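Chain residues, written in single-letter form:
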Amino acid sequence: MSFSRDYRSPASASGWNDQASLDAGLRSYMLRVYNWMASGLLLTGIVAYAIANTGLSGLFFQVFQTAAGPLPRPTLLGDVAMLSPLAFVLVMSFGINRLSLQGAQALFWAFCAAMGASLASVFVIYTGTSIVRVFLVTACMFGATSLWGYVTKANLLQFGSFLMMGLFGLVIAGLVNLFLKSPTVYYLYSIVGVFIFTAFSAFDAQRIRVTYPQLAAYEGPEMTAKRSVYDALSLYLNFINLFQFLLQFMGVRNSSD
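The shown structure was predicted, so the numbers you read here are calculated from the model rather than taken from an experiment.

**A few points about the overall build of the chain**
When helices and strands are tallied, the chain shows nine helices and two strands. Helices (α) and strands (β) of the chain occur, in sequence order from the N terminus, as α-α-β-β-α-α-α-α-α-α-α. Dimensions of the chain, computed from the C-alpha atoms along their principal axes, are close to 80 × 40 × 35 Å. Evaluated residue by residue, the chain yields a buried proportion of 39% over its 257 residues. Contacts spanning at least 24 positions in sequence make up 82% of the contacts within the chain whose residues lie at least 6 apart. Carbon and sulfur atoms form 68% of the exposed surface of the chain, whose accessible area is close to 14,700 Å². The averaged location of the 9 negative side-chain charges in the chain is 4 Å from the averaged location of its 14 positive side-chain charges.

So, in structure tokens, the structure goes:
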């Protein structure tokens, strides 16, 4: 007969149990966040594909044949679809304390569906094979960088202000190039975009891990569940933006035939 003995003091045993409970809670929370993100991406893909390959496409864009291939031009509803994700993000960002859990979840699904409508034109511009290939490359890059951000001991949070400055600069450069229409600026813009959203993927993964203990200690189950939706939104936006910038590099355009 053998007997197990715990040589730890009651205080150290309690601390070990608390840490084990915190680690288990973090794993469960991260799983919930990534499940939300993955389900949102799935909904976006379904909506985008359905609109591009049915009669609904005419409601969102008109296709014109050019020497470079088919060019979709958005209708009024298409313009609304492209701008609506920004409105959803603003509502969710500033209304986190006012929205109920069900309201936050409903807005997340609506946002993902609206993003799908805004991305439907990529199925007209690019071949299906290249879209799948770029999606897989994006998934690998995102998975690797977010995993590194989660496990690394380096403090990535100190670069948050620099990443935000880079993001604002990216938006301004994109707006300016709408008027300049410079291929060089567009190419540099795409390179910087890939870099910024790759960095954000690692940054947000670490931010979620670092802030979870405070969330678990001071917030109730409903607020924690609601926060998981917002964290999933951050990761979702990183993935979608990285996908779009990579598509500009790696996407194969449909021919004009």
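**Concerning the nonpolar core**
Core analysis: the largest hydrophobic core is formed by 28 residues, its most contacted members being M37, M92, F108, F111 and Y236. Counting only elements with at least two residues in this core, the list comes to α1 (10–52), α3 (76–94), α4 (101–118), α8 (183–218) and α9 (221–250). The dominant element in this core, judged by the number of residues it contributes, is α9, at eight residues. What Y236 contacts, discounting residues up to four positions off in sequence, is M37, G40, L41, T44, F111, C112 and M115. Counting residues in hydrophobic clusters, the runner-up holds 17 residues, among them L163, F203, L246 and L247.

**Structural notes on the packing of α4 against α9**
Angle between the axes and distance between the axes: these two values describe a pair of packed helices. Between α4 and α9, the shortest axis-to-axis distance is 9 Å and the interhelical angle comes to 15 degrees. In terms of their interaxial angle, α4 and α9 are classed as roughly parallel. Our pair here, α4 against α9, has a crossing hand that is left-handed. Residue-level contacts link L101, A104, Q105, F108, F111, C112 and M115 of α4 to E222, A225, K226, V229, Y230, A232, L233, Y236, L237 and I240 of α9. Residue composition of the contact of α4 with α9, by class: 14 nonpolar, one polar and two charged.

**Observations concerning the packing of aromatic side chains**
One pass over the structure, following the stated rule, counts 16 aromatic pairs. Relative to Y212, the ring of Y29 lies with its centre 5.2 Å away and its plane at 40 degrees, an arrangement referred to as tilted. Taken together, the positions of Y29 in helix α1 and Y212 in helix α8 put the pair 183 residues apart, joining distant regions of the chain. Here Y29 matches Y212 in class, with each residue buried. Where F200 meets F203, the ring centres are 6.1 Å apart and the plane angle is 85 degrees; that geometry is what we call edge-to-face. Here the residue F200 and the residue F203 both occupy positions in helix α8, the gap between them amounting to three residues, near one helical turn.

**Some remarks on the pattern of salt bridges**
Overall, the coordinates contain two salt bridges when judged by the stated rule. Where D204 meets R207, a salt bridge forms, and the shortest distance between an N and an O atom there is 3.1 Å. Of this pair, D204 and R207 both sit in helix α8, three residues apart, which is roughly one turn of the helix. On the basis of relative accessibility, which here comes to 7%, the residue D204 falls in the buried class. Among the salt bridges present, the one from D231 reaches R207, with a minimum N-O distance of 3.1 Å.

**A short note on the confidence of the model for the chain**
Mean pLDDT over the chain: 87, with 92% of residues reaching 70 or higher. Between the elements of the chain, mean pLDDT differs from a low of 81, seen in α3, to a high of 96, seen in helix α6 (residues 128–151). Every residue in residues 1–14 is under pLDDT 50, and counting partners more than four places away or in other chains gives three contacts.

**So, α3**
Between its first and last C-alpha, α3 extends 27 Å over 19 residues, near the 27 Å set by a 1.5 Å rise per residue. Where α3 bends most, at L83, the angle is about 35 degrees, and the proline P85 comes one to four residues later. Buried positions along α3 lie against α2 (57–60), β2 (69–74), α4 and α9.

**A short note on the UniProt feature "transmembrane region" (unreviewed entry) in the chain**
Within this numbering scheme, the UniProt entry marks residues 36–64, 76–94, 106–125, 131–150, 162–180, 186–203 and 233–252 as carrying the feature "transmembrane region" (unreviewed entry). Between the end C-alpha atoms of residues 36–64 the distance is 36 Å, and the span holds 72% helix and 14% strand. In residues 76–94, the share of helix is 100% and the share of strand is 0%. The end C-alpha atoms are 27 Å apart.

Quick notes on the rules
Residues numbered from 1 in each chain as written. Predicted model: local features only at pLDDT ≥ 70, side-chain atom pairs only at ≥ 80, totals over all residues. Heavy atoms only, no water. Helix = DSSP H or I, 4+ residues; strand = E, 2+ residues; numbered from the N terminus. Buried < 20%, exposed > 50% of the residue type's maximum accessible area, 1.4 Å probe, protein only. Contact = heavy atoms within 4.5 Å. Areas by Shrake-Rupley, 256 points an atom, 1.4 Å probe, with all protein chains shown as cover. Lys, Arg positive; Asp, Glu negative; His and termini not counted. Charge placed at Lys NZ, Arg CZ, Asp CG, Glu CD. Core = buried A, V, L, I, M, F, W, Y, C linked by side-chain atoms within 4.5 Å. Axes fitted to C-alpha atoms, helices over the stretch in contact; angles between N-to-C directions. Parallel < 35°, antiparallel > 145°, perpendicular 65-115°, else oblique. Left-handed = near helix turned anticlockwise from the far one by under 90°. Nonpolar A, V, L, I, M, F, W, Y, C, P; charged D, E, K, R; others polar. Phe/Tyr/Trp six-rings, centres within 6.5 Å; stacked < 30°, edge-to-face > 60°. Salt bridge = Lys/Arg side-chain N within 4 Å of Asp/Glu carboxyl O. pLDDT = per-residue confidence, 0-100. Expected span 1.5 Å × (residues − 1). Bend = angle between axes of the 7 residues up to and from the residue. UniProt positions renumbered as here; feature names shortened; annotations may be inferred.

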